Amino acid sequence: TNALSLLFAFLSFGDTGRRMEHGLGSAAMGTLICTLSLLINASYVVLSLLAYAITRSSEAIDMPNNSGFWPVLLAIIAIECSTAPA
């Protein structure tokens, strides 16, 4: 299912990604994707450790995983929507 999920993520990101890359430039777009990926994964780790520290239960650390391109895709769409005129 990971390959299928990745395929759907890239298909839904195609037009939006091309417009953003054209507006930002390739280096800035790559930097944006890497930065968002690092921030999202770091916040996931912090939230997992915080949940474990509060509950002291190993079940708290088994939160649904944050894998794939979907979190980054949703963050990029949110950034694009916030910069778009109303």
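Structural notes, computed from the coordinates.

What counts, and at which threshold
- Residues numbered from 1 in each chain as written.
- Predicted model: local features only at pLDDT ≥ 70, side-chain atom pairs only at ≥ 80, totals over all residues.
- Heavy atoms only, no water.
- Helix = DSSP H or I, 4+ residues; strand = E, 2+ residues; numbered from the N terminus.
- Buried < 20%, exposed > 50% of the residue type's maximum accessible area, 1.4 Å probe, protein only.
- Core = buried A, V, L, I, M, F, W, Y, C linked by side-chain atoms within 4.5 Å.
- Contact = heavy atoms within 4.5 Å.

1. Quick notes on the environment of Thr16
Turning to its location among the elements, Thr16 is positioned in helix H1 (residues 2–24). The sequence separation of Thr16 and Ile76 amounts to 60 residues, and the corresponding C-alpha distance is 9.2 Å.

2. Details of the environment of Glu80
Within the element layout of this structure, Glu80 appears in helix H3 (residues 70–83). On the accessibility criterion, Glu80 (19% relative accessible area) is buried. As a C-alpha pair, Glu80 and Thr16 span 64 residues in sequence and 8.7 Å in three-dimensional space.

3. Some details on the nonpolar core
Counting 11 residues, the largest nonpolar core consists of Ala9, Phe13, Met20, Met29, Leu36, Ile40, Phe69, Val72, Leu73, Ala75 and Ile76. Looking at this core, the elements that each hand over two or more residues are H1, helix H2 (26–55) and H3. For this core, the leading source of residues is H3, giving 4 residues. Setting aside anything within four residues of it in sequence, one finds Phe13 in contact with Met29, Phe69, Leu73 and Ile76.

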